[in-house]
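Below are the chains, spelled out letter by letter.
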Amino acid sequence: IDSSIRDISKATGLSIATISRYINDSGYVSSESAEVIKKAIKELDYVPNENARAVFKNSSNLIGIVVSSLSNPFFAEMTMHLEEKAQERGYGVILFTTNDDIDKEREAIRLLKGYRVKGIITTRTQLKSEMSKLKTPIVSFETEVNDKIITVAADNFKGGQLALKHLLERGCKKILHIRGPKSFEAAELRYLGFKDEAKRQNVNFDIVQFDSDFHVAYNLEENIGDKDITEYDGIFVFNDIAAVLILRYLLKRGVNIPKETKVIGFDNSYIGGLSYPSLTTIEQSVDGIASKCINLLLDLVEGKNIKEKRFYDPVKLIQREST
Ligand code: XLF
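Residues numbered from 1 in each chain as written. Predicted model: local features only at pLDDT ≥ 70, side-chain atom pairs only at ≥ 80, totals over all residues. Heavy atoms only, no water.

Draft legend 1. Quick look at the packing of aromatic side chains. Here the structure, examined in full by the defined rule, presents seven aromatic pairs. Seen from their ring centres, F194 and F205 are 4.9 Å apart, and the 75° between their planes marks the pair as edge-to-face. Here F194 is found in helix 9 (residues 185-201), whereas its partner F205 is found in strand 7 (residues 205-209), with eleven residues between them in sequence. Its relative accessible area of 0% is what places F194 among the buried residues. Exposure remark for F205: the relative accessible area of 16% places this residue in the buried category. Taken together, a centroid distance of 6.4 Å and an interplanar angle of 80° make the contact between F210 and F238 edge-to-face. Of this pair, F210 sits in the loop between strand 7 and helix 10 (220-224) while F238 sits in the loop between strand 8 (234-237) and helix 11 (240-252), placing them 28 residues apart in sequence. On the basis of relative accessible area, F210 is assigned to the buried category, the value being 1%. Three or more aromatic residues link up through ring pairs in this structure, and these residues are Y191, F194, F205 and F236. When the ring centre of Y232 is taken as origin, the NZ or CZ atom of K174, which lies over that ring, is 4.3 Å away. Its guanidinium or amino end placed over the ring of Y191, R179 lies 3.8 Å from that ring's centre, counting from NZ or CZ. (Phe/Tyr/Trp six-rings, centres within 6.5 Å; stacked < 30°, edge-to-face > 60°. Helix = DSSP H or I, 4+ residues; strand = E, 2+ residues; numbered from the N terminus. Buried < 20%, exposed > 50% of the residue type's maximum accessible area, 1.4 Å probe, protein only. Lys NZ or Arg CZ within 6 Å of the ring centre and 35° of its normal.)

Dropping the structure here:
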């Protein structure tokens with residue numbers, strides 16, 4: 001028994017059973033007793049032991065969030081919104097970060113099951129087969145796990161198309177795409193959209209492949225490899241954090257942005273507004289996406305049957321100084 005329930009019992013002279021019934025709303029308590037207990041709870045500043053409750057009900061009022069990394073501002077913002085929206089609907093959050101490491105992700109899911117969370121939001125999960133077997137409701141951001149699990153994502157393909165169109169409109173002729181890791185489904189779709197539009201417009205572009213987004217700060221040169229990226233006049237980078245690193249790389253080499261080279265990112269995370277020059281980008285609405293993830297997950301948790309399994313959030317061009 002929660003030790004503070006004993007304190008309430010002592011203070012009120014009522015039995016532990018009566019107090020538990022009141023707290024767990026699990027049986028009759030006379031209105032006089034309820035008043036007395038309520039007063040004691042306030043005076044003793046009693047907070048129920050959520051662990052004990054979870055064990056008792058074999059469930060909690062918590063959802064799990066498994067996020068790639070908080071050092072990428074997009075995911076930091078997304079986590080903030082997810083927590084806020086969960087709270088608005090009466091749920092708390094347990095957070096794990098994985099750095100896109102499969103073993104860390106597996107361990108996060110195992111622990112979340114142990115915490116008896118009601119549902120889980122994953123971000124670009126790499127554990128498709130494990131996710132398919134999970135009994136807990138899931139909403140997957142970006143990765144399409146299977147045709148039963150809900151995926152929420154930006155319209156990444158369309159975003160890639162918009163990026164190419166914008167570079168052409170700004171007069172770019174020699175174009176480069178900094179492509180994200182192939183395991184990021186969203187980044188792949190951005191590349192495919194960019195390629196699709198390039199084909200339609202009959203233009204070519206080169207590619208530099210990155211193996212990560214938030215570690216690139218430490219091995220940017222290695223990721224860029226032998227290519228002289230200062231030679232290009234238009235560069236589409238698969239996300240904002242990588243794009244800001246590219247801005248810095250080019251500026252250090254004396255490239256004038258946007259005069260000589262125009263750079264466009266993807267996300268519209270706050271980092272692009274802070275950089276100098278500020279970054280043109282394709283916005284994926286982090287607020288809208290977080291709302292969608294939480295509302296869909298909690299609808300599932302609360303027993304709703306949701307037929308649609310794919311939700312693509314609209315994207316839009318945000319033009320700033322870098323183009
Ligand atoms: O997974 C993609 C790639 O990076 C994600 O949406 C992001 O754009 C976040 O920065």
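Still more ground to cover, so stick around.
Draft legend 2. Summary view of the site of the ligand. Near the ligand the following residues occur: N72, F74, F75, R124, E142, R190, D213, N239, D267 and Q284. In the model, an oxygen atom of the ligand is placed 2.8 Å from a nitrogen or oxygen of the R190 side chain. Take N239: an N or O atom from its side chain is 3.0 Å from an oxygen atom of the ligand. For the ligand, whose free accessible area comes to 280 Å², the fraction covered by protein is 100%. Broken down by class, the residue content of the shell around the ligand amounts to two nonpolar, three polar and five charged. Composition of the shell around the ligand by domain shows at least three residues from each of domain 2 (62-154 + 286-313) and domain 3 (156-285). (Near = heavy atom within 4 Å. Polar contact = N/O pair within 3.5 Å; in protein donor to acceptor, adjacent residues only side chain to side chain. Areas by Shrake-Rupley, 256 points an atom, 1.4 Å probe, with all protein chains shown as cover. Nonpolar A, V, L, I, M, F, W, Y, C, P; charged D, E, K, R; others polar. Domains from an automatic or database assignment.)

Draft legend 3. Representation of the packing of helix 5 (residues 73-88) against helix 13 (residues 286-301) in the model. One can describe the packing of helix 5 onto helix 13 by two numbers: an axis separation of 9 Å at closest approach and a directional angle of 45°. In this view, helix 5 runs oblique relative to helix 13, as classed from their interaxial angle. Where helix 5 crosses over helix 13, the two elements pack in a sense that is right-handed. Along its contact with helix 5, which presents F74, E77, M78, H81, L82, K85 and A86, the element helix 13 presents V286, D287, I289, A290, S291, C293 and I294. Of the residues belonging to the contact of helix 5 with helix 13, the class tally is nine nonpolar, two polar and three charged. (Axes fitted to C-alpha atoms, helices over the stretch in contact; angles between N-to-C directions. Parallel < 35°, antiparallel > 145°, perpendicular 65-115°, else oblique. Left-handed = near helix turned anticlockwise from the far one by under 90°. Contact = heavy atoms within 4.5 Å.)

Draft legend 4. Structural view of the nonpolar core. Counting residues in each nonpolar core, the largest one holds 40 residues, and the members touching the most others are M78, L82, V139, V152, F194 and C293. Of all the secondary structure elements, the ones that give two or more residues to this core are strand 1 (62-67), helix 5, strand 4 (138-141), strand 5 (150-154), helix 8 (156-169), helix 9, strand 9 (262-267) and helix 13. Two domains each put at least three residues into this core: domain 2 (62-154 + 286-313) and domain 3 (156-285). Excluding anything up to four places from it in sequence, L82 contacts I65, I121, A290, C293 and I294. (Core = buried A, V, L, I, M, F, W, Y, C linked by side-chain atoms within 4.5 Å.)

Draft legend 5. Quick look at helix 11. Taking 1.5 Å per residue, 13 residues should reach 18 Å; helix 11 reaches 18 Å between its end C-alpha atoms and fits that length. Taken across its 13 residues, helix 11 has ten buried, putting it largely inside the fold. Residues of helix 11 that are buried: D240, I241, A242, A243, V244, L245, I246, L247, Y249 and L250. Looking one or two residues beyond helix 11, the residue adopting positive phi is G254, at roughly 80°. (Expected span 1.5 Å × (residues − 1).)

Draft legend 6. Highlighting the sheet that holds strand 1. An order of 2-1-3-4-5-11 is seen for the six strands of this open sheet, with the pairing classed as parallel. Edge positions in the open sheet fall to strand 2 (92-97) and strand 11 (310-313), since each of these has one partner strand only. Mean inter-strand twist for the sheet, computed between neighbouring axes without regard to direction, equals 20°. In this structure, strand 1 lies alongside strand 3 (residues 119-123), joined through four bridges in parallel fashion. For I65, the partnering residue across the bridge sits in strand 3 and is I121. Contacts between helix 5 and the sheet are confined to strand 1, strand 2, strand 3 and strand 4, with strand 1 contributing the most and set at about 175° to the helix. (Pairing = 2+ DSSP bridges.)

Draft legend 7. Quick look at the pattern of salt bridges. As enumerated under the stated definition, the model contains 18 salt bridges in all. Its salt-bridge partner being E188, residue R179 comes within 3.0 Å of it at the nearest N-O pair. Here the two residues R179 and E188 agree in accessibility, since each one is buried. A salt bridge links E197 to R200; its shortest N-O distance comes to 3.2 Å. Here the residue E197 and the residue R200 both occupy positions in helix 9, the gap between them amounting to three residues, near one helical turn. Residue R200 is classed as exposed on the basis of its relative accessible area of 56%. Here the salt bridges do not stand alone but share partners, grouping R89, D299, E302 and K304 into one network. (Salt bridge = Lys/Arg side-chain N within 4 Å of Asp/Glu carboxyl O.)

In short, geometric facts, not functional conclusions.
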